[in-house]
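Here is what each chain is made of, one letter per residue.
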Amino acid sequence: MRVQEHDNAALADTALQNFASRLRGELIRQGDAGYDAARKVYNGMIDKHPALIARCVDVADVIAAVNLARERQLTLAVRGGGHNGPGLGVCDGGLVLDLSRMKGIRVDPAARTVRVEGGCTWGDVDHATHAFGLATPSGFISTTGVGGLTLGGGIGYLARTYGLTIDNLLEVDMVLADGRLVTANAEKYADLFWAVRGGGGNFGVVTSFLFKLHPISTVYGGPMIWPMEQAADLLKFWRDFILDAPEDINGWFAFITVPPAPPFPEQFHMQKMCAVVWCYTGPLDQAEQRFKAIRAFGPPAVDFAGPIPWPVLQSMFDALYPAGLQWYWKADFFRELSDQAVDLHVKYGAQLPTMHSTMHIYPINGAAHRPGRSDTAFSFRDVNFAQVIVGVHPDPSQNERMIAWARDYWLALHAHSAGGAYLNMIMDEGEDMVKAAYRDNYPRLAQIKAAYDQTNLFRMNQNIKPAS
Ligand SMILES: Cc1cc2nc3c(=O)[nH]c(=O)nc-3n(C[C@H](O)[C@H](O)[C@H](O)COP(=O)(O)OP(=O)(O)OC[C@H]3O[C@@H](n4cnc5c(N)ncnc54)[C@H](O)[C@@H]3O)c2cc1C
């Protein structure tokens with residue numbers, strides 16, 4: 001595909017030459033060696049061709065890139081970890097502002113905080129904080145970018161114990177559409193600080209995040225896997241358990257196809273099964289006792305739960321999901337998981353279309369319920385479960401089949417849902433879905449958007465339109 005005519009014309013001028021000479025990082029154009037590798041994002045389904053990719057190395061580079069995009073009216077995509085499902089970290093034509101070389105991390109063990117630059121992945125953060133026996137809530141895989149995950153909310157192993165990732169965010173440095181760098185926290189630019197806690201990349205480029213840290217080092221966790229025949233009973237047991245469980249334990253439910261490789265026992269290879277992946281952060285000497293009640297449900301066919309260093313649990317599924325697979329995402333929130341919904345799950349869970357395809361239900365109760373629905377831009381504080389259905393496969397041959405499965409599954413369950421969806425786990429579903437996700441926070445977000453980004457320069461995201 002060719003870049004848009006408008007972008008070509010705009011780029012063939014001296015502004016571009018000036019930008020190129022000022023940039024400390026790398027500027028990659030169509031035709032340059034490395035262009036194809038540089039435009040790729042995690043989801044292999046995405047195939048976009050930007051005119052320029054600016055690999056920024058510092059805040060000055062970010063300011064220069066934002067100014068260029070605004071002045072030359074270029075489409076601008078901001079890339080953190082590049083994991084986004086609909087590929088919002090890349091664009092056709094225009095400029096990709098790639099943060100992946102901004103990897104600075106500074107842990108302050110005394111204050112129990114970590115300052116993280118916008119290009120870090122969660123693996124980078126875990127590596128740095130684990131040296132001090134500390135961690136902050138993130139997700140369930142370590143290759144995801146800090147940027148997109150945090151700005152959308154952040155649902156992970158520590159959600160019931162310490163809340164969402166945004167509940168542990170203390171401050172951001174961000175470059176606004178007019179090129180200004182501001183620091184937003186509870187006191188300064190409090191409107192922006194409220195908006196970035198769930199509002200995605202709509203308000204500017206976050207060059208660094210400051211997070212609260214917690215004493216997390218070795219936890220007790222990992223997957224327990226049961227035969228598919230026990231799926232209905234397991235779902236009901238898990239639902240009742242997790243709704244009442246103390247906040248120091250988390251476990252998410254999954255339908256999986258057992259990968260044909262160690263450490264999985266050979267007799268289960270390629271079998272469709274159901275699982276709960278646990279993470280307990282309480283005293284380790286009480287873990288076996290606490291897990292007796294869980295194992296009493298019925299001995300798991302495969303039981304990998306045990307003491308495990310935090311970064312190992314966080315990266316356990318990285319190898320199973322390398323970059324470049326085809327991904328199709330559907331999501332929903334649920335207040336409850338009725339017996340009727342359980343039956344539907346069992347029906348569609350048994351039809352996983354490919355080995356990598358899966359359905360997860362993450363609990364978002366406990367500490368994640370403490371903020372009210374208008375305390376952060378992320379609004380769904382009154383639901384208990386975030387569900388995600390993903391069709392995943394290495395090559396596009398199965399796309400039609402896995403997309404049909406994901407849509408049918410989602411549709412069947414949607415009538416039982418609370419509406420909206422976790423915007424970090426959907427494809428591009430348009431404005432109505434964005435409004436549904438923010439509920440009554442949307443008008444305030446649109447006002448803040450108008451105050452800081454009237455022309456919608458930052459629109460390659462789950463877009464909030466500036467209030468008119
Ligand atoms: C394998 C996998 C596992 C996942 N697991 C989880 C999970 O456990 N929990 C969870 O909550 N989510 C999870 N997600 C979803 C994830 O949160 C989103 O895909 C998120 O968008 C990824 O962020 P990124 O920085 O990697 O993506 P990118 O594609 O780089 O960016 C995504 C969006 O955020 C914007 N953005 C990124 N960084 C910045 C920044 N610094 N400043 C301004 N805007 C920025 C981009 O412009 C874009 O709109 C997972 C995704 C994948 C693919």
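Provided above is the structure to which this section pertains.
Residues numbered from 1 in each chain as written. Predicted model: local features only at pLDDT ≥ 70, side-chain atom pairs only at ≥ 80, totals over all residues. Heavy atoms only, no water.

Looking at this structure, how should I read the overall build of the chain?
What the chain contains, in helices and strands, is 15 helices and 17 strands. Over its C-alpha atoms the chain spans a radius of gyration of 22 Å, differing by no more than 12% from the 23 Å that the globule rule assigns to 468 residues. By residue count, 60% of the 468 residues in the chain fall in the buried class. Summing over all exposed atoms, the chain offers an accessible surface of approximately 17600 Å²; the carbon and sulfur share of this is 52%. Of the charged side chains in the chain, 41 are positive and 48 negative; the average position of the first set lies 3 Å away from that of the second. (Helix = DSSP H or I, 4+ residues; strand = E, 2+ residues; numbered from the N terminus. Rg over C-alpha atoms; globule rule 2.2 N^0.38 Å. Buried < 20%, exposed > 50% of the residue type's maximum accessible area, 1.4 Å probe, protein only. Areas by Shrake-Rupley, 256 points an atom, 1.4 Å probe, with all protein chains shown as cover. Lys, Arg positive; Asp, Glu negative; His and termini not counted. Charge placed at Lys NZ, Arg CZ, Asp CG, Glu CD.)

Explanation requested: the site of the ligand in the structure shown.
Surveying the vicinity of the ligand reveals 33 residues, the closest of which are V78, G80, G82, I155 and Y422. Here an oxygen atom of the ligand sits 2.6 Å away from a polar atom, N or O, in the main chain of V78. At a separation of 3.1 Å, an oxygen atom of the ligand approaches a polar backbone atom of N84. Taken together, the elements giving at least two residues each to the shell around the ligand come down to β3 (76–79), α6 (146–152), β9 (205–212) and β15 (326–334). Take the shell around the ligand: its biggest share by element is four residues, from α6. Partitioned by chemical class, the residues of the shell around the ligand number 16 nonpolar, 16 polar and one charged. (Near = heavy atom within 4 Å. Polar contact = N/O pair within 3.5 Å; in protein donor to acceptor, adjacent residues only side chain to side chain. Nonpolar A, V, L, I, M, F, W, Y, C, P; charged D, E, K, R; others polar.)

How should I be thinking about the packing of aromatic side chains in this particular structure?
Aromatic rings in a pair are described by how distant their centres are and how their planes are angled relative to each other. If you walk through the whole model with that rule in mind, you get 28 aromatic pairs. Seen in terms of ring centroids, W226 and F297 are 5.7 Å apart; in terms of plane orientation they differ by 80°. Their pairing is edge-to-face. With W226 in strand β10 (residues 218–227) and F297 in the loop between α10 (287–295) and β13 (302–303), the pair connects residues that are 71 residues apart, well separated along the chain. Judged by its relative accessible area of 0%, W226 is buried. Relative to F241, the ring of F237 has its centre 6.0 Å away and its plane inclined at 25°; by these criteria the two rings are stacked. Of this pair, F237 and F241 both sit in helix α9 (residues 231–244), four residues apart, which is roughly one turn of that helix. Grouping aromatic residues by their ring pairs yields a cluster made of Y220, W226, F237, F241, W278, Y280, F291 and F297. The aromatic ring of W410 is capped on one face by K330, whose charged end is 4.0 Å from the ring centroid. When the ring centre of W194 is taken as reference, the NZ or CZ atom of R444 above it lies at 3.8 Å. (Phe/Tyr/Trp six-rings, centres within 6.5 Å; stacked < 30°, edge-to-face > 60°. Lys NZ or Arg CZ within 6 Å of the ring centre and 35° of its normal.)

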